[in-house]
Amino acid sequence: MKVLFGWELGGGQGHIQRLVVLARELEIYGVEPVFALKSYNIKATSFPWQIVFAPRLPFTGRSESYTFADILETFGFGNYNLLKSHILAWQAIIKEVKPSLIITDHAPGLVIAAKNIVPTIVTGDAFTVPPPVEIFPNLRIPAPLKSQQRQEQVSNTVKQILQYSAPLGQILNGDTSFIFGIPELDPYQHLRTLNQYLSVHVTPIPNNLYKSDGHAWAYLYDDYSHRSLVLNTLKPQCDFQPLTKVLAGKSLAIHHGGSTTAITCLLAGIPQLLLPKHLEHQLNAVSLSGLGVAKTINNPTWETLVAKRAQAYLLVENALLQAEKLAHWNQNFISVFVKACLKFLK
């Protein structure tokens, strides 16, 4: 039995690394994974599975988003002809692969395309799995009137194509959904049920990773404009390996604020220095700063990097305390996800 894994929005390694872990778990039960991804630039792991071409989404170039619907509109979800063409392309893949189940990670187009055709489980972090509501909350304020208009446009376009009148968020959650995250870093926490959260896929995380005299470690996008400045100034180690391995013996983690890295460091008690690149990163930075485990730099200079690094090192006592408080999330919940998959496959 085939399971189609799809990803179409977002960057970094988080989406693909998460899907790889889920595919390996399901293979144990006789599942044949097939992947349709926006990128196969995978690091530090093998990838032996069948791949198919994933349809590309157009990017309008608008950079400011205030809601999840704004992000969708940026990629053509408010344009009937563009979205219809995109969904037909996904449906052609579904027809070719003939999966018994679809698992998505930030692939809303595939979720829409699979509606009433193949059971779909939506996964991702708290930012990429929208709440099951019609009007998405603002993630940045004040939001202009145009943002509200874009939300209505996206909702109307999706429902027109599907001929279906459920709340937009409910449609985008597929047949069921799971969040690889924790409530403390979820901007939609008040709209979720607790059993949706599965922490991060790299758990359990050893509780002895932090080392006061250890090196700093950094994970920064290759296209990050300040990458050279950060690496030359702070001189962290920056090899890419499984997080539980690469964080061993580290005193500080320097990264953009992606959920998997942020939560892993949080549960390990390692202070964080954040350099947000996207809206998701900014939201995580606010939450982590509120927990007292991270310092944030939006426009780094040599001076701010050195000063904020020194301030981040002072957070270690609270970072270790927060790791202890959140220890419940430092366990592996993937069996919950697998159980849900097997229910659909039977």
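Structure's up top.
About the thresholds
- Residues numbered from 1 in each chain as written.
- Predicted model: local features only at pLDDT ≥ 70, side-chain atom pairs only at ≥ 80, totals over all residues.
- Heavy atoms only, no water.
- Pairing = 2+ DSSP bridges.
- Helix = DSSP H or I, 4+ residues; strand = E, 2+ residues; numbered from the N terminus.
- Contact = heavy atoms within 4.5 Å.
- Axes fitted to C-alpha atoms, helices over the stretch in contact; angles between N-to-C directions.
- Buried < 20%, exposed > 50% of the residue type's maximum accessible area, 1.4 Å probe, protein only.
- Right-handed = clockwise from strand over helix to strand, strands pointing away.
- Arc of directions from axis to C-beta.

Spatially, the six strands line up as an open sheet ordered S3-S2-S1-S4-S5-S6, and their pairing is parallel. With partners counted over all chains shown, the strands left at the sheet margins are strand S3 (50-51) and strand S6 (176-177), one partner each. Here strand S4 (residues 101-105) runs beside strand S5 (residues 120-123); their pairing, made up of four bridges, is parallel. Its bridge partner being in S5, Ile-102 is matched across the sheet by Thr-120. Each of strand S1 (2-7), strand S2 (32-37), S4 and S5 is contacted by helix H1 (residues 14-27), which is oriented at about 170° to S1, the strand it contacts most. Contacts from helix H3 (residues 80-97) reach S1, S2 and S4 within the one sheet, and its direction differs from that of S1 by about 155°.

Once that is clear, we can look at the pairing of strand S8 (residues 252-255). Residues Leu-252 and Ile-254 point to one face of S8 and Ala-253 and His-255 to the other, with burial holding for every one of them. Of the pairings in the sheet, the one linking strand S7 (residues 216-219) to S8 comprises four bridges and is parallel in character. What sits directly across from Trp-217, in S8, is Ala-253. Here S8 pairs with strand S9 (residues 272-274) via three bridges, running parallel. Opposite Ile-254, over in S9, you have Leu-273 as the bridge partner. Handedness of the crossover is the feature at issue here: the chain leaves S8, passes through helix H9 (residues 259-268), returns alongside S9, and the resulting connection is right-handed.

What follows covers the sheet that holds strand S10 (residues 294-296). Ordered by their spatial adjacency, four strands build an open sheet running S7-S8-S9-S10, and the pairing between neighbours is parallel. With partners counted over all chains shown, the strands left at the sheet margins are S7 and S10, one partner each. For this sheet the average axis-to-axis angle between neighbouring strands, irrespective of direction, equals 20°.

What follows concerns helix H12 (residues 316-325). Within H12, burial applies to Val-316, Ala-319, Gln-322 and Ala-323. End-on, the buried residues of H12 take up no more than an arc of 120°, which puts them together on one face. Away from the buried face of H12 by more than 90 degrees, exposed residues Glu-317, Glu-324 and Lys-325 are located. Here the buried face of H12 lies against H9 and helix H11 (302-313).

Here we take up unusual backbone geometry. As a rule of thumb, non-glycine residues mostly have phi less than zero, and peptide bonds are mostly trans rather than cis. In this model, Ile-141 is joined to Pro-142 through a cis peptide bond whose omega is 0°. With respect to the element layout, Pro-142 can be found in the loop between S5 and helix H5 (145-162). Geometrically, the link from Thr-203 to Pro-204 is a cis peptide bond, its omega value of 0° lying close to zero. With respect to the element layout, Pro-204 can be found in the loop between S6 and S7. Even without a glycine there, the phi angle at Gln-163 is positive, about 55°. Mapped onto the secondary structure, Gln-163 falls in the loop between H5 and helix H6 (168-172). Using a relative accessible area of 65% as the deciding quantity, one classes Gln-163 as exposed.

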